Amino acid sequence: MERAKNLRPIASDNSDWPKNKICIIVIFLFHLVGLAGFIIPSLTVLFITLVPWHLLLMLGIIVYSYDNFDSRFLLFALTAFGIGFLAEYIGVHTGWLFGHYQYGRTLGIKLFEIPLMIGVNWFLLVYAAGITLQRSRLKSTLVRILSGATILTLLDVLIEPIAIHFDYWHWLDAGVPFKNYVCWFALSALLLFIFEQFKFKRQAIVGPALLIAQFVFFAVLNLMY
(Lines give C-alpha, C1' and ligand atoms only; values in the text may rest on other atoms or scores of the structure.)
Protein backbone atom coordinates (compact mmCIF):
# COMPACT_ATOMS: atom_id res chain seq x y z
CA MET A 1 0.00 0.00 0.00
CA GLU A 2 2.79 2.39 0.86
CA ARG A 3 4.45 1.74 -2.46
CA ALA A 4 1.17 2.40 -4.24
CA LYS A 5 0.85 5.76 -2.51
CA ASN A 6 4.34 6.74 -3.59
CA LEU A 7 3.48 5.93 -7.18
CA ARG A 8 0.52 8.33 -7.19
CA PRO A 9 1.11 11.11 -9.78
CA ILE A 10 1.75 14.59 -8.42
CA ALA A 11 -0.17 16.29 -11.19
CA SER A 12 -3.07 15.70 -13.50
CA ASP A 13 -1.13 16.54 -16.68
CA ASN A 14 -1.68 13.08 -18.18
CA SER A 15 -5.13 12.16 -16.88
CA ASP A 16 -6.58 15.56 -17.81
CA TRP A 17 -4.53 16.00 -20.98
CA PRO A 18 -7.57 16.14 -23.36
CA LYS A 19 -9.08 18.96 -21.26
CA ASN A 20 -5.75 20.78 -20.99
CA LYS A 21 -5.12 20.38 -24.70
CA ILE A 22 -8.46 21.99 -25.50
CA CYS A 23 -7.67 24.87 -23.13
CA ILE A 24 -4.27 25.47 -24.72
CA ILE A 25 -5.74 25.38 -28.23
CA VAL A 26 -8.42 27.90 -27.24
CA ILE A 27 -5.81 30.20 -25.65
CA PHE A 28 -3.58 30.30 -28.73
CA LEU A 29 -6.46 30.35 -31.19
CA PHE A 30 -8.14 33.36 -29.58
CA HIS A 31 -4.85 35.22 -29.21
CA LEU A 32 -4.14 34.53 -32.89
CA VAL A 33 -7.60 35.72 -33.94
CA GLY A 34 -7.23 38.77 -31.69
CA LEU A 35 -3.85 39.49 -33.26
CA ALA A 36 -5.39 39.44 -36.72
CA GLY A 37 -8.22 41.66 -35.53
CA PHE A 38 -5.83 44.25 -34.12
CA ILE A 39 -3.66 44.23 -37.25
CA ILE A 40 -6.39 44.39 -39.93
CA PRO A 41 -7.65 48.02 -39.92
CA SER A 42 -11.24 47.16 -40.88
CA LEU A 43 -11.53 44.86 -37.84
CA THR A 44 -9.67 46.86 -35.24
CA VAL A 45 -12.60 48.85 -33.82
CA LEU A 46 -14.65 45.67 -33.37
CA PHE A 47 -11.84 43.75 -31.71
CA ILE A 48 -11.08 46.60 -29.31
CA THR A 49 -14.64 46.26 -27.98
CA LEU A 50 -14.03 42.54 -27.48
CA VAL A 51 -11.00 42.96 -25.18
CA PRO A 52 -12.99 42.62 -21.90
CA TRP A 53 -14.73 39.51 -23.25
CA HIS A 54 -11.37 38.05 -24.22
CA LEU A 55 -10.11 38.52 -20.66
CA LEU A 56 -13.26 36.89 -19.28
CA LEU A 57 -12.76 33.96 -21.65
CA MET A 58 -9.16 33.54 -20.44
CA LEU A 59 -10.44 33.68 -16.86
CA GLY A 60 -12.95 30.94 -17.68
CA ILE A 61 -10.22 28.82 -19.28
CA ILE A 62 -7.96 29.13 -16.23
CA VAL A 63 -10.79 28.29 -13.83
CA TYR A 64 -11.86 25.34 -16.00
CA SER A 65 -8.32 24.00 -16.27
CA TYR A 66 -7.51 24.27 -12.56
CA ASP A 67 -7.26 20.83 -11.00
CA ASN A 68 -9.78 20.33 -8.17
CA PHE A 69 -11.25 23.83 -7.97
CA ASP A 70 -11.72 24.77 -4.31
CA SER A 71 -12.14 27.69 -1.92
CA ARG A 72 -8.35 28.22 -1.70
CA PHE A 73 -8.14 28.89 -5.42
CA LEU A 74 -11.12 31.25 -5.20
CA LEU A 75 -9.56 33.06 -2.24
CA PHE A 76 -6.31 33.60 -4.12
CA ALA A 77 -8.18 34.82 -7.20
CA LEU A 78 -10.16 37.33 -5.14
CA THR A 79 -7.04 38.42 -3.26
CA ALA A 80 -5.07 39.01 -6.46
CA PHE A 81 -8.04 40.83 -7.99
CA GLY A 82 -8.52 43.00 -4.89
CA ILE A 83 -4.87 43.93 -4.39
CA GLY A 84 -4.39 44.59 -8.10
CA PHE A 85 -7.52 46.75 -8.27
CA LEU A 86 -6.53 48.67 -5.11
CA ALA A 87 -3.03 49.33 -6.45
CA GLU A 88 -4.51 50.68 -9.68
CA TYR A 89 -6.94 52.85 -7.70
CA ILE A 90 -4.04 54.35 -5.74
CA GLY A 91 -2.10 54.84 -8.95
CA VAL A 92 -4.87 56.58 -10.86
CA HIS A 93 -6.12 58.76 -8.00
CA THR A 94 -2.84 59.70 -6.32
CA GLY A 95 0.02 58.91 -8.70
CA TRP A 96 1.91 57.30 -5.79
CA LEU A 97 2.05 54.01 -7.66
CA PHE A 98 3.05 53.60 -11.32
CA GLY A 99 2.84 57.32 -12.13
CA HIS A 100 0.19 59.67 -13.45
CA TYR A 101 -2.16 57.86 -15.81
CA GLN A 102 -5.81 57.32 -16.65
CA TYR A 103 -7.73 54.43 -18.17
CA GLY A 104 -9.42 54.63 -21.54
CA ARG A 105 -12.48 52.72 -22.74
CA THR A 106 -10.88 49.53 -24.05
CA LEU A 107 -10.93 47.53 -20.80
CA GLY A 108 -14.64 48.13 -20.34
CA ILE A 109 -16.78 48.82 -17.27
CA LYS A 110 -15.13 50.94 -14.57
CA LEU A 111 -15.59 51.29 -10.84
CA PHE A 112 -14.09 54.46 -9.33
CA GLU A 113 -12.49 55.09 -12.77
CA ILE A 114 -10.70 51.72 -12.68
CA PRO A 115 -11.75 48.97 -15.13
CA LEU A 116 -12.90 45.84 -13.34
CA MET A 117 -10.98 43.83 -15.93
CA ILE A 118 -7.66 45.19 -14.67
CA GLY A 119 -8.14 43.18 -11.47
CA VAL A 120 -8.91 40.11 -13.58
CA ASN A 121 -5.80 40.79 -15.62
CA TRP A 122 -3.59 40.95 -12.52
CA PHE A 123 -4.94 37.61 -11.36
CA LEU A 124 -4.41 35.98 -14.75
CA LEU A 125 -0.84 37.23 -15.15
CA VAL A 126 0.26 36.40 -11.61
CA TYR A 127 -1.38 32.98 -11.70
CA ALA A 128 0.19 32.19 -15.08
CA ALA A 129 3.63 33.31 -13.90
CA GLY A 130 3.24 31.51 -10.58
CA ILE A 131 2.34 28.20 -12.23
CA THR A 132 5.16 28.63 -14.76
CA LEU A 133 7.73 29.04 -12.00
CA GLN A 134 6.07 26.29 -9.96
CA ARG A 135 6.78 23.92 -12.85
CA SER A 136 10.39 25.09 -13.19
CA ARG A 137 13.44 23.55 -11.55
CA LEU A 138 13.92 26.54 -9.28
CA LYS A 139 13.83 25.29 -5.70
CA SER A 140 14.16 28.63 -3.92
CA THR A 141 10.88 30.42 -3.22
CA LEU A 142 12.65 33.80 -3.30
CA VAL A 143 14.22 33.06 -6.67
CA ARG A 144 10.86 31.99 -8.09
CA ILE A 145 9.21 35.19 -6.83
CA LEU A 146 11.93 37.46 -8.20
CA SER A 147 12.08 35.56 -11.49
CA GLY A 148 8.31 35.76 -11.89
CA ALA A 149 8.26 39.48 -11.10
CA THR A 150 11.01 40.04 -13.67
CA ILE A 151 9.07 38.09 -16.31
CA LEU A 152 5.90 40.11 -15.68
CA THR A 153 7.81 43.40 -15.77
CA LEU A 154 9.34 42.43 -19.12
CA LEU A 155 5.84 41.63 -20.33
CA ASP A 156 4.71 45.10 -19.27
CA VAL A 157 7.50 46.60 -21.37
CA LEU A 158 5.78 44.98 -24.35
CA ILE A 159 2.29 45.87 -23.18
CA GLU A 160 2.80 49.61 -22.60
CA PRO A 161 3.16 50.83 -26.23
CA ILE A 162 0.21 48.72 -27.36
CA ALA A 163 -1.96 49.71 -24.39
CA ILE A 164 -1.35 53.37 -25.16
CA HIS A 165 -1.99 52.91 -28.88
CA PHE A 166 -5.30 51.10 -28.35
CA ASP A 167 -6.60 53.25 -25.48
CA TYR A 168 -6.23 50.73 -22.66
CA TRP A 169 -4.73 53.61 -20.69
CA HIS A 170 -2.67 56.73 -21.32
CA TRP A 171 0.04 58.53 -19.39
CA LEU A 172 -0.28 62.13 -18.30
CA ASP A 173 3.50 62.41 -18.18
CA ALA A 174 5.75 62.43 -21.23
CA GLY A 175 6.21 58.76 -21.96
CA VAL A 176 6.08 55.79 -19.60
CA PRO A 177 7.83 56.67 -16.32
CA PHE A 178 10.49 54.31 -14.95
CA LYS A 179 8.47 54.34 -11.73
CA ASN A 180 5.82 52.30 -13.54
CA TYR A 181 8.19 49.39 -14.07
CA VAL A 182 9.47 49.56 -10.51
CA CYS A 183 5.90 49.36 -9.21
CA TRP A 184 5.00 46.58 -11.65
CA PHE A 185 7.93 44.56 -10.34
CA ALA A 186 7.08 45.27 -6.70
CA LEU A 187 3.36 44.51 -7.07
CA SER A 188 4.10 41.36 -9.09
CA ALA A 189 6.54 40.20 -6.42
CA LEU A 190 3.98 40.83 -3.67
CA LEU A 191 1.27 38.87 -5.48
CA LEU A 192 3.66 36.05 -6.33
CA PHE A 193 4.69 35.91 -2.66
CA ILE A 194 1.01 35.49 -1.79
CA PHE A 195 0.69 32.85 -4.51
CA GLU A 196 3.54 30.89 -2.92
CA GLN A 197 1.83 30.94 0.48
CA PHE A 198 -1.12 29.00 -0.94
CA LYS A 199 1.18 26.12 -1.91
CA PHE A 200 -1.04 25.01 -4.76
CA LYS A 201 -0.49 21.50 -6.07
CA ARG A 202 1.41 21.27 -9.32
CA GLN A 203 -0.84 22.36 -12.18
CA ALA A 204 -0.86 21.62 -15.89
CA ILE A 205 0.75 23.79 -18.56
CA VAL A 206 -2.35 25.88 -19.29
CA GLY A 207 -1.04 28.76 -17.15
CA PRO A 208 2.37 28.82 -18.87
CA ALA A 209 0.59 28.61 -22.25
CA LEU A 210 -1.35 31.77 -21.41
CA LEU A 211 1.85 33.56 -20.40
CA ILE A 212 3.57 32.56 -23.65
CA ALA A 213 0.54 33.61 -25.69
CA GLN A 214 0.60 37.04 -24.01
CA PHE A 215 4.29 37.52 -24.81
CA VAL A 216 3.78 36.50 -28.45
CA PHE A 217 0.65 38.65 -28.82
CA PHE A 218 2.22 41.87 -27.57
CA ALA A 219 5.63 41.21 -29.16
CA VAL A 220 4.05 40.84 -32.61
CA LEU A 221 1.92 43.95 -32.15
CA ASN A 222 5.04 45.90 -31.16
CA LEU A 223 6.61 44.86 -34.45
CA MET A 224 3.51 45.95 -36.37
CA TYR A 225 2.99 49.38 -34.76
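All of the points below concern the structure found in this document. Each chain has its residues counted from 1, running along the sequence as written. Side-chain atom pairs in this predicted model are given and counted only at pLDDT of 80 or more, local residue features only at pLDDT of at least 70, and totals for whole chains, interfaces and linings cover all residues. Water and hydrogen atoms play no part in the side-chain values, which are based on all heavy atoms of the structure.

## Let's talk about the packing of helix 6 (residues 116-134) against helix 8 (residues 178-198)
Helices that pack against each other are described as a pair by the angle of their axes relative to one another and the distance between those axes. Where helix 6 meets helix 8, the axes come as close as 10 Å, and the angle between the chain directions of the two elements is 65°. Seen from above, helix 6 lies across helix 8 with right-handed handedness. Here helix 6 contributes W122, L125, V126, Y127, A129, G130 and I131 to the contact with helix 8, which in turn contributes W184, L187, S188, L191, L192 and F195. Of the residues belonging to the contact of helix 6 with helix 8, the class tally is 11 nonpolar, two polar and no charged. Axis definition: a line fitted to C-alpha atoms, limited for helices to the stretch in contact. Angles are taken between N-to-C directions and run from 0 to 180 degrees. By the criteria applied, helices consist of DSSP H or I runs no shorter than four residues and strands consist of E runs no shorter than two, each listed in order from the N terminus. Crossing chirality is assigned from the near helix's rotation relative to the far helix, an anticlockwise turn below a right angle marking it left-handed and a clockwise turn marking it right-handed. In what follows, a contact means two residues having at least one pair of non-hydrogen atoms within 4.5 Å. Only Asp, Glu, Lys and Arg are considered charged in this grouping, and only Ala, Val, Leu, Ile, Met, Phe, Trp, Tyr, Cys and Pro are considered nonpolar; every other residue, Gly among them, is considered polar.

## With respect to a nonpolar patch on the surface
Nonpolar side chains collect at one region of the surface, where I40, L43, L46, L50, W53 and L56 lie side by side and expose about 550 Å² of accessible area between them. Breaking the nonpolar patch down by element, the ones donating at least two residues are helix 3 (41-49) and helix 4 (51-65). Tracing the backbone through its elements, the reader meets L50 in the loop between helix 3 and helix 4. Think of it in three bands: residues with accessible area under 20% of the maximum for their type are buried, residues over 50% are exposed, and the middle band is partly exposed, with areas taken using a 1.4 Å probe on protein chains only. Judged by relative accessible area, L50 falls into the partly exposed class, the value being 37%. Here, patches come from residues exposed beyond 30% relative accessible area and free of salt bridges, joined within 9 Å for like charges and within 5 Å for nonpolar side chains (Val, Leu, Ile, Met, Phe, Trp, Tyr). Throughout, the Shrake-Rupley method with a 1.4 Å probe supplies accessible areas, and for residues the shown protein chains are the sole cover considered. The working definition used for a salt bridge is a side-chain nitrogen of Lys or Arg within 4 Å of a carboxyl oxygen of Asp or Glu.

## Considerations on the environment of F195
Mapped onto the elements of the fold, F195 is located in helix 8. A relative accessible area of 3% means that F195 is categorised as buried. With 23 residues separating them along the chain, F195 and F218 place their C-alpha atoms 25 Å apart. Among residues more than four places away in sequence, those in contact with F195 are F76, Y127, G130, I131 and F200.

## Details of the packing of helix 2 (residues 17-39) against helix 4
Relative to each other, helix 2 and helix 4 sit at 170°, their axes nearing to 10 Å. For the element pair helix 2 / helix 4, the angle class is roughly antiparallel. Contacts from K19, N20, C23, V26, I27, F30, H31 and F38 of helix 2 reach helix 4 at V51, H54, L57, M58, I61, Y64 and S65. The residue inventory of the contact of helix 2 with helix 4, partitioned by class, reads 10 nonpolar, four polar and one charged. We call two directions roughly parallel when the angle between them is under 35 degrees, roughly antiparallel when it is over 145, roughly perpendicular when it lies between 65 and 115, and oblique otherwise.

## Some words on the nonpolar core
Remark: nonpolar core denotes a set of buried residues (Ala, Val, Leu, Ile, Met, Phe, Trp, Tyr, Cys) joined through side-chain atoms within 4.5 Å. With 66 residues, the main nonpolar core has F76, F98, F123, Y127 and W169 as its most contacted residues. Examining the composition of this core, we find that 12 residues originate from one element, helix 6, more than from any other. Beyond its immediate chain neighbours, meaning those up to four positions away, Y127 contacts I62, Y66, F73, F76, F195 and Q203.

## Remarks on empty space enclosed by the protein
Gaps between atoms show up when a probe of the same size as a water molecule is rolled over them. A cavity here means a set of points on a 1 Å grid, drawn over the protein atoms and nothing else, where a 1.4 Å probe fits but cannot get out; a pocket is an open set with protein on both sides within 12 Å along at least five of seven lines, and a residue lines either one if it has an atom within 4 Å of a point. Grid points are joined across faces, edges and corners, and a volume is the space filled by probe spheres set on the points. Under the defined criterion, the tally for this structure stands at four cavities of 30 Å³ or more. What the largest cavity holds in volume is close to 100 Å³. What lines the largest cavity is a set of 13 residues, and nearest its centre among them are E88, Y103, I118, W169 and W184. In terms of residue count, helix 6 provides more of the lining of the largest cavity than any other element does, four residues in total. In the lining of the largest cavity, the residues fall into nine nonpolar, two polar and two charged.

## Re the layout of surface pockets
Its volume calculated, the largest pocket comes out at about 390 Å³. If you go around the largest pocket, you meet 21 residues; those closest to its centre are L50, V51, H54, L55 and F217. Secondary structure elements with two or more residues in the lining of the largest pocket: helix 2, helix 4, helix 6 and helix 9 (206-224). It is helix 4 that contributes the most residues to the lining of the largest pocket, five residues altogether. Residue composition of the lining of the largest pocket, grouped by class: 17 nonpolar, four polar and no charged. Here the second largest pocket defines a volume of roughly 220 Å³. Taken together, G130, Q134, T141, R144, F195, E196, Q197, K199, F200 and R202 form the lining of the second largest pocket. Taken together, the elements giving at least two residues each to the lining of the second largest pocket come down to helix 6, helix 7 (141-165) and helix 8. Looking at the lining of the second largest pocket element by element, the count peaks at three residues for helix 8.

## Notes on the pattern of salt bridges
The final tally for this structure, using the stated rule, is two salt bridges. Across the pair K201 and D67 runs a salt bridge, and its minimum N-O distance is 2.8 Å. Residue K201 is located in the loop between helix 8 and helix 9, and its partner D67 is located in the loop between helix 4 and helix 5 (71-94); the two are separated by 134 residues in the primary sequence. According to the relative accessible area criterion, K201 is partly exposed, its value standing at 36%. Note that R144 is salt-bridged to E196, the shortest N-O span being 3.0 Å. A residue pair is termed long-range when its members are at least 10 positions apart, and R144 in helix 7 and E196 in helix 8 qualify at 52 residues. In this structure, R144 and E196 share a single accessibility class: buried.

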